[in-house]
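Examining the three-dimensional arrangement
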Amino acid sequence: MATTAVTAEQHAATAQHHHEPGFIRTYVFSTDHKMIAKQFLLASLFFLLVGGLLAAGIRWQLGFPGQPMPLIGGLFSDTTAPGGIILPEFYNALVTMHGTFMIFFAIMPLLVGVWGNYLIPLQIGAPDMAFPRLNMASFWISVPAGVIMLAGFFVQGGHAGAGWTAYAPLSSEPEYSGVYMGQILWLISLTILGFSSLAGAVNYITTVINMRAPGMTWFRLPLPVWALFVTSWLVLLAIPILTGGLIMLLFDQTIGTGFFSAATDGEPLLWQHVFWYFGHPEVYILILPAMGLVSEVIANRSRKPIFGYHAMVLAIIAIAFLGWVVWGHHMFQSGMNPLLGTTFMITTIIIAVPSAIKVFNWLGTLWRGDLHFDVPMLNALSFVSMFVIGGLSGIFMASAPVDIFIHDTYYIVAHIHYVLFGGSLFGIFAAITYWFPKMFGRIFSPVLGKVHFWLTFVSYNLVFFPMHTIGLRGHMRRIYDPNQYEFLQPLQPINTFITIAAFVLIATQLIFAFAFFWSMYKGEKAPRNPWKANTLEWTAAPTPPPHLNFPGGAPVVYRGPYEYSWPGSTDDFLPQDLPPDRVSRTPIPSEPSPMSTGD
Amino acid sequence: MTTDASTLRSMMIPDPAYEPGMKVYTMKLGMWVFLLSEVMFFTSLIGSYVILRFAHPDHFAAPGVVLNVPLTAFNTFFLICSSVTMVKAFAAIQQGDDTGLKLWLLATILIGSLFVGIQAVEYYILYHEGFVPAAADYHAAGRQGMEGGPIVGGPLYGATFYTMTGFHGAHVTIGVICLTFVLIRALRGAYTQNDHRGVELIGLYWHFVDLVWIILFTIVYLI
Amino acid sequence: MENWSWLMDGSASTFGPTIDRLYLVILIITGVVFFATQGALIWLLIKYRHRAGHKAEYIHGNTRAEVIWTVIPFVIVLGIALASRGAWAQVKDPQNIPPNSLPVHVMASQFEWDVTYPGLDGQLETGDDFTVRNRMDVPADRPTHVILEAEDVIHSFFLPDFRVKQDAVPGMVMNVWFQPTRTGEFVIGCAELCGIGHTRMRGTLTVHSAADYQAWLNEQSQP
């Protein structure tokens, strides 16, 4: 078709007529994927802080039930925490909004919004996203979604309090929850946010398929790109399912349709099926990108090719496929057909295999490596270690009869935090500190980075590991005051301990915030390729990369992304775009030269 | 040392078989990808309908009892016609026939608007017959039934009907608006025989919306 | 608690030990994997830490290793799944509810458990049924069959000591059963967030000896 040629011409035309954009177009309504990534980064770090503060409220109530919150106690209204004592309805809102903000407004944009935007064009050698204006829209659609979600705290009846899973009919019938406006805002906000995610996913998929630089074949893609590409498919296909469900729930709330209301013969379990049919792919949306990011850091900081590149890619794809047939394991105790439960148990437990493959390949990458324990590496290694715990604890609940006991207890809370905090968030810390020099031209403070890492690592484990134990003692999730149960009263010292550790953990994140901004302005100036990396963002683009990324035109790619320590070269890395005849070689007589281009 | 020389060599040179992307221009690929997500959106609504209908068959009436099948059959025919006119519009610009493009686009817009208009009339009549989405007010007496006759079906019928057909109608409306933009651009001479991507993109969307309607018409009106 | 433990307390139902044994088996397997992987990780970190003059080896992978660490975990986890099937069916499959069970109806509502007993005739929905709130009394010598319903929102009937948990969903009837192994007082909890009073939705389950239960039943059945 003649149109392909036209596209290329138009690309050239755009490049020629390019002017330096003004302040608004550079920093606010920017179409540059790198600026959009930074916008997502700041916005989602803000929501990470919001989610952390909500967690502090939850932990205060559990650690010191019924006592007024210190310092800030006086700031609360009589309908939330009069005199600083948290009311049950406010506690439910805290639990709900902690989950909602962390999952939809912090972790998901931190992984997909930030790194999808920043890394995909740079690592595949593209000047920008396929649809830069759609990309800008993606960020600016998410802003009103965040504002609406925050506004829910200030409406009458308080914010949504039916959990981040919003099980109907508690979420659909205000007479049962006492929340009307808050739940509606929750639904509207997530519906809007869905459009943001969708715009991003369409962009990422199209960009990776159609805009790779010459020579960038599928199996030369860096693993973050693979992970983000596969994740984008999950976002693309899962988010519309949630949107459909949210709209039905919204209609139940507002015009009284009764999809999920037993009173009109609707099906409360239908909501759970719709939600988890979205929700389990969502779980992998929240971990796959982190796996990709961590793979990059581990290979680079071990100065070794990633072990089993193809196995890594196939494992990502396998997880994404299996992720669609396991949603029932969230509903083992919901009243599903026991036979169906058995089926879901088998599919669920099989998904442990690709996860295990990834862990073993990371260990294989470390084996006979040359390990540099920089800040990104520490966070990446901690990802591996914590992900092992989160993965293994998942096997308990995948076994349906064992799940009977631990379902909806703190064991589940421990599991999800080992995966989402120990996994995803450590992966995010690794990625931020690793690509910080690229983003801001300065090194992320190694001293503050290490202080932050060790304090986080220790306090994080002190917070979440004991939760396994109190879960095994039968401590239910989402209960306002465990002391009302006599058998949970002996656990109060553990709850208090967890709360103190949680405050340390939250305070530690302020070190990260400080280090982030300090390094941005005062950090050591970064050389162009501080990690001696192979991928195009370091080797072919200046730091920080200008508009359209590669001033010399699209780079040509000659090899895979993880060619570290090749014995034929004097350097311990081989950039993807380094032409074979320019590799500084140490000839090894016994080996045929791999640099010849004849084939 | 696992330096398999041939593997290594294949990793070191640009792959001669490399094709940058699919041989489809980016906008078209993006539209395909977007339509996949639309498939999932309608899947969630239609899937919920199927589950609810299987669980509560008594809530749903036999074809033609509540819904006006002949009217909607005509409407379906119109929408299929609009797909034909859309194909004609695209074929016209492929031949470089600018006038043909404008006329067929106009025809598509008119038929699309007619579809939405008839749907609005259908909604109006059904609503006044007591076939409403709100569970508490549901009292559809049926087309053959008289005023005050027995209530046909149950509230899930109205809820699923309006949700599915309403979101489809919204998609048609958005399609008509986009087609209008395309027509305005066509009037300004934006499309040529060599570059008429906008026409092709809206065409893809329009055919998709048409296809969804054929599925909806079958499962909501005829089964 | 006097006999503190890091694991679950001893169970009080017949299938409790089966579930606990399954838990223990998985704990041992995952424990071995945990120490093996974390140990390997630490060993690798110490052994291959950066030292001057040390260079990493150029290794891309090993197909045999990939096959080994794909097949072995697959076999192990599939074994766990298969080993879990029996216990799952025993607890949850309604066909496995012993026929001699005492039928008890439990209605969950915000925020209480209403327990209805069949009275002296042993039949539910007869005139001598009686209802008690937030307490349940069952005999030790025969299984109890709980017919579980919810009035308003989803609750979850949780007997930690019996390893029983079942959501109560409005519009659905759930079947739960258990056979106590010892007498005593146990806790009934709600494990699904059900609103403002979720935390106070609890009750007491008392397991009586056969004679005590009969005495209690006679006392309750007095008009």
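Residues numbered from 1 in each chain as written. Chains lettered and ligands numbered in written order. Predicted model: local features only at pLDDT ≥ 70, side-chain atom pairs only at ≥ 80, totals over all residues. Heavy atoms only, no water.

A closer look at the overall build of chain A
Per the secondary structure count, chain A includes 19 helices and 0 strands. In terms of overall dimensions, chain A is globule-like: its C-alpha atoms have a radius of gyration of 25 Å, near the 25 Å expected for 599 residues. Here the C-alpha coordinates of chain A stretch approximately 75 × 55 × 50 Å along the principal axes. Per-residue burial over chain A gives 69% buried out of 599 residues. Counted over contacts in chain A with a minimum sequence separation of 6, partners at least 24 positions apart contribute 78%. (Helix = DSSP H or I, 4+ residues; strand = E, 2+ residues; numbered from the N terminus. Rg over C-alpha atoms; globule rule 2.2 N^0.38 Å. Buried < 20%, exposed > 50% of the residue type's maximum accessible area, 1.4 Å probe, protein only. Contact = heavy atoms within 4.5 Å.)

As for the environment of A:Asn549
Residues and elements named next belong to chain A. Counting through the fold element by element, Asn 549 comes out in the segment after α19 (536-539). Exposure remark for Asn 549: the relative accessible area of 0% places this residue in the buried category. For the pair formed by Asn 549 and Asn 203, sequence separation is 346 residues and the distance between their alpha carbons is 17 Å. In terms of polar contacts, Asn 549 uses its side chain to reach the backbone carbonyl oxygen of Pro 127, at 3.2 Å. (Polar contact = N/O pair within 3.5 Å; in protein donor to acceptor, adjacent residues only side chain to side chain.)

Notes on a nonpolar patch on the surface
Residues and elements named next belong to chain A. Taken together, the side chains of Phe 23, Ile 24, Tyr 27 and Phe 29 present a nonpolar region at the surface, about 450 Å² in accessible area. Relative to the helices and strands, Ile 24 is located in helix α2 (residues 23-28). Overall, Ile 24 belongs to the partly exposed group, its relative accessible area being 47%. (Patch = residues over 30% accessible without salt bridge, like charges linked within 9 Å, V, L, I, M, F, W, Y side chains within 5 Å. Areas by Shrake-Rupley, 256 points an atom, 1.4 Å probe, with all protein chains shown as cover. Salt bridge = Lys/Arg side-chain N within 4 Å of Asp/Glu carboxyl O.)

A closer look at the domain arrangement of chain A
Residue and element names in this part refer to chain A. Domain annotation of chain A identifies domain 1 (30-286), domain 2 (290-526) and domain 3 (542-599). Here the C-alpha centroids of domain 1 and domain 3 sit 41 Å apart. Each side of the interface is counted separately: domain 1 has 19 residues, and domain 3 has 16 residues. Contact between domain 1 and domain 3 buries roughly 1300 Å² in total, counting both sides, with carbon and sulfur atoms accounting for 59%. On inspection of domain 1 and its partner domain 3, the count reaches 0 salt bridges. Summed over the shared surface of domain 1 and domain 3, the number is 11 residue pairs in polar contact (both at pLDDT 80 or more). (Domains from an automatic or database assignment. Buried area = accessible area lost by both parts, 1.4 Å probe.)

A short note on helix α8 (residues 223-254) of chain A
Given 3.6 residues to a turn, an α-helix orients residues that are three or four positions apart in the same direction. Its 32 residues give α8(A) an end-to-end C-alpha distance of 45 Å, which sits within 8% of 46 Å, the value for a rise of 1.5 Å per residue. Most of α8(A) is tucked away, with 28 of its 32 residues classed as buried. (Expected span 1.5 Å × (residues − 1).)

What to know about the packing of aromatic side chains
Here the distance between the centres and the angle between the planes together describe a pair of aromatic rings. Evaluated as defined, the whole model comprises 95 aromatic pairs over all chains. Measuring from centroid to centroid gives 6.4 Å for A:Trp115 and A:Tyr118, while their planes differ by 85°, and the two rings are edge-to-face. Highlighted residues: A:Trp115 and A:Tyr118, both in helix α4 (residues 88-124), separated by 3 residues, approximately one helical turn. Under the relative-accessibility criterion, A:Tyr118 is labelled buried at 1%. Residues C:Phe162 and C:Phe186 carry aromatic rings whose centres are separated by 5.0 Å and whose planes lie at 85° to one another, so their mutual orientation is edge-to-face. Residue C:Phe162 is found in the loop between β6 (155-159) and β7 (164-168), and its partner C:Phe186 is found in strand β9 (residues 184-190); the two are separated by 24 residues along the sequence. Across the ring face of B:Tyr25, the terminal group of B:Arg197 is positioned such that the distance to the ring centre comes to 5.8 Å. The ring of A:Tyr485 carries C:Arg202 above its face, with NZ or CZ at 6.0 Å from the centroid. (Phe/Tyr/Trp six-rings, centres within 6.5 Å; stacked < 30°, edge-to-face > 60°. Lys NZ or Arg CZ within 6 Å of the ring centre and 35° of its normal.)

So, the confidence of the model for chain A
Residue and element names in this part refer to chain A. A residue-level look at chain A finds 94% of positions with pLDDT of 70 or above and a mean pLDDT of 91. Throughout residues 1-17 the model reports pLDDT below 50, and contacts reaching past four residues in sequence, or to other chains, amount to 13 contacts. A low-confidence stretch, residues 588-599 stays under pLDDT 50, and its non-local contacts, those more than four residues away or across chains, total 22 contacts. (pLDDT = per-residue confidence, 0-100.)

Some points on the pairing of strand β5 (residues 144-150) of chain C
All names here are of chain C. Counted residue by residue, β5 has 6 buried out of 7 residues, so it is predominantly covered. One ladder, built from 5 bridges, connects β5 with strand β8 (residues 174-178); its direction is antiparallel. Each residue of the ladder has a partner; that of Ile 147, found in β8, is Asn 175. (Pairing = 2+ DSSP bridges.)

Looking at the pairing of β6(C)
Residues and elements named next belong to chain C. With 5 of 5 residues buried, β6 is to be regarded as a mostly interior element. Counting the residues between successive antiparallel strands, the hairpin from β6 to β7 contains 4 residues, one of them, Arg 163, with a positive phi of roughly 55°. Strand direction decides the pairing type here: β6 and β9, joined by 2 bridges, are antiparallel. Looking at β9, one finds that Phe 157 is bridged to Cys 190.

Looking at the interface of chain C and chain A
Between chain C and chain A, the contact holds 84 residues from the first and 92 residues from the second. In this assembly, chain C packs against chain A so that about 7800 Å² is buried in total across both faces, 70% of it on carbon and sulfur atoms. It is C:Tyr58, C:Trp88 and C:Leu193 in chain C that bury the most area against chain A; as a group they hold 10% of the surface buried on that side. In this structure, A:Arg368 engages C:Glu57 in a salt bridge whose closest nitrogen and oxygen atoms are separated by 3.3 Å. Counting across the interface, chain C meets chain A through 25 residue pairs in polar contact (both at pLDDT 80 or more). Elements represented by at least two residues in the side of chain C that touches chain A include exactly α1 (16-47), α2 (63-92), β7 and β9 of chain C. Sorting elements by how many residues they give to the side of chain C that touches chain A places α2(C) first, with 16 residues. Of the residues contributing to the side of chain C that touches chain A, the split by class is 49 nonpolar, 18 polar and 17 charged. (Nonpolar A, V, L, I, M, F, W, Y, C, P; charged D, E, K, R; others polar.)

Looking at the sheet that holds strand β2 (residues 112-117) of chain C
All names here are of chain C. Read from one edge to the other, the open sheet built from 5 strands follows the order β3-β2-β1-β5-β8, with strand pairing classed as mixed. In this open sheet, the two edge strands, each paired with only one partner strand, are β3 (130-133) and β8. Mean inter-strand twist for the sheet, computed between neighbouring axes without regard to direction, equals 25°. Bridge count for strand β1 (residues 102-109) against β2 is 5 bridges, and the pairing is antiparallel. Each residue of the ladder has a partner; that of Val 106, found in β2, is Val 115. (Axes fitted to C-alpha atoms, helices over the stretch in contact; angles between N-to-C directions.)

Some thoughts on the domain arrangement of chain C
All names here are of chain C. Along its sequence, chain C is carved into domain 1 (2-94) and domain 2 (99-220). With centres defined by C-alpha atoms, the gap from domain 1 to domain 2 works out at 36 Å. On the domain 2 side, the residues contacting the 14 residues of domain 1 number 13 residues. For the pair domain 1 and domain 2, the two sides together bury roughly 1100 Å², of which 49% comes from carbon and sulfur. Here domain 1 and domain 2 share 1 salt bridge between them. Where Arg 163 meets Asp 20, a salt bridge forms, and the shortest distance between an N and an O atom there is 2.7 Å. Here domain 1 is connected to domain 2 by 10 residue pairs in polar contact (both at pLDDT 80 or more). For the side of domain 1 that touches domain 2, the elements supplying multiple residues, two or more each, are α1 and α2. Along the lines of polarity and charge, the residues of the side of domain 1 that touches domain 2 split into 5 nonpolar, 6 polar and 3 charged.

Considerations on the nonpolar core
By size, the foremost hydrophobic cluster in this structure holds 336 residues, and its most contacted members are A:Trp115, A:Trp362 and C:Met136. Looking at this core element by element, the count peaks at 23 residues for α4(A). If we ignore the near neighbours within four places in the chain, the residues touching C:Met136 are C:Val104, C:Val106, C:Val115, C:Tyr117, C:Thr144, C:Val146, C:Phe157, C:Phe178, C:Ile188, C:Thr204, C:Leu205 and C:Thr206. By size, the runner-up hydrophobic cluster in this structure holds 5 residues, among which are A:Trp566, A:Leu574, A:Leu578 and C:Tyr58. (Core = buried A, V, L, I, M, F, W, Y, C linked by side-chain atoms within 4.5 Å.)

Comments concerning unusual backbone geometry
With omega at 0°, the peptide bond leading from A:Ala168 into A:Pro169 counts as cis. With omega at -10°, the peptide bond leading from C:Gln110 into C:Phe111 counts as cis. In this structure, C:Phe111 sits in the loop between β1 and β2. One non-glycine residue, A:Asp265, adopts positive backbone phi at about 70°. As for its placement among the helices and strands, A:Asp265 is situated in the loop between α8 and α9 (268-285). Given the relative accessible area of 29%, A:Asp265 is considered partly exposed.

Regarding the side chain of C:Ser109
The topology assignment puts C:Ser109 in strand β1. The contact partners of C:Ser109, leaving out residues within four places of it in the chain, are C:Asp114, C:Glu151, C:Asp152, C:His155 and C:Met201.

Focus: the pattern of salt bridges
Inspection of the entire model under this criterion finds 13 salt bridges over all chains. As a salt-bridge pair, A:Arg477 and A:Asp408 come within 3.6 Å of each other at their nearest N and O atoms. You can see A:Arg477 sitting in the loop between α17 (446-472) and α18 (492-522) and its partner A:Asp408 sitting in the loop between α15 (400-406) and α16 (410-440), a full 69 residues away along the chain. Overall, A:Asp408 belongs to the buried group, its relative accessible area being 5%. For C:Glu112, the salt bridge identified is with C:Arg133, shortest N-O distance 3.2 Å. Here the residue C:Glu112 occupies a position in strand β2, and C:Arg133 occupies one in strand β3, the gap between them amounting to 21 residues. Here C:Arg133 falls in the exposed class, since its relative accessible area comes to 54%. Here the residues in one salt-bridge network are C:Glu112, C:Asp114 and C:Arg133, joined through shared partners.

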